[in-house]
Amino acid sequence: IPVPAKDSADKFYPKVEGWRNIDMNGTPEVPVTLPGADAVKRIAYIGPSGETVYLTVGYYEYQRQDKEFIHYTLKELYDGPKEIRLEIAEGQYVTAKQALIHKAGKRHLVTYWYDIDGYTTSSNITAKLLIAVRGLLQWKTDGSIILITCDLNEADSVERRASMQNIFAAMIYPIIK
């Protein structure tokens, strides 16, 4: 899902049936900060029942030290995430990872995956390998990390919010792909 910095902002605000979207670029309080991204698009989606999820896409045109979408500062995503399968179309699945992170006294559920030249993976090793091979063979190291986040309050069931997030992820995936 290339979202180069030169693209106009209005080109990347996908509509999801039944959900209202709000541009959240520039919002200071973000549970996951993407280091060195060339372009970041952050959109809040409010569902039919009032639930809110945040879609964040970080695009990296070139990867180098301290400008990578797999970065040590994203450690909270990599500590014990659960692998999930999203049904994006009848009988078609993609694998994503889901992590529960704690930041500034709040809990957040984050579903994420990587897109490298149209190939989707949630594996850090596979993503690094794809970037390295593309860099050697094609001189291209661009790619994106896609995050879907929701805030959890004390009364929220992680399982219920995860289910809602999985449904949203499956709906948005074909639109942003």
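Scroll up to find the structure.
How each quantity is defined
Residues numbered from 1 in each chain as written. Predicted model: local features only at pLDDT ≥ 70, side-chain atom pairs only at ≥ 80, totals over all residues. Heavy atoms only, no water. Phe/Tyr/Trp six-rings, centres within 6.5 Å; stacked < 30°, edge-to-face > 60°. Helix = DSSP H or I, 4+ residues; strand = E, 2+ residues; numbered from the N terminus. Buried < 20%, exposed > 50% of the residue type's maximum accessible area, 1.4 Å probe, protein only. Polar contact = N/O pair within 3.5 Å; in protein donor to acceptor, adjacent residues only side chain to side chain. Patch = residues over 30% accessible without salt bridge, like charges linked within 9 Å, V, L, I, M, F, W, Y side chains within 5 Å. Areas by Shrake-Rupley, 256 points an atom, 1.4 Å probe, with all protein chains shown as cover. Salt bridge = Lys/Arg side-chain N within 4 Å of Asp/Glu carboxyl O. Contact = heavy atoms within 4.5 Å.

A. Examining the packing of aromatic side chains more closely. Under the counting rule described, the total for this entry stands at four aromatic pairs. Ring centres of Tyr45 and Phe168 lie 5.0 Å apart, and the angle between their planes is 50°; on these two criteria the pair is classed as tilted. Of the two residues, Tyr45 sits in strand S2 (residues 39–46) while Phe168 sits in helix H3 (residues 158–176), which places them 123 residues apart along the sequence. Per residue, the accessibility class of Tyr45 equals that of Phe168, and both read buried. Centroid distance Tyr112 to Tyr114: 6.1 Å. Interplanar angle 75°. Geometry classified as edge-to-face. Overall, the relative accessible area of 1% leaves Tyr112 in the buried class.

B. Examining the side chain of Gln98 more closely. Tracing the backbone through its elements, the reader meets Gln98 in strand S5 (residues 92–103). Side-chain polar atoms of Gln98 contact the side chain of Gln165, separated by 3.4 Å.

C. Representation of a nonpolar patch on the surface. Taken together, the side chains of Leu129, Val133, Leu136 and Leu137 present a nonpolar region at the surface, about 450 Å² in accessible area. Note that Leu136 resides in helix H2 (residues 124–138).

D. A look at the environment of Val16. Considering the arrangement of structural elements, one finds Val16 in the segment before strand S1 (20–23). Between the alpha carbons of Val16 and Ile46 there is a distance of 10.0 Å; along the sequence they are 30 residues apart. If near-sequence neighbours (up to four positions away) are discounted, Val16 is found in contact with Tyr45, Phe168, Met171, Ile172 and Ile175.

These figures come from the coordinates and say nothing about function on their own.
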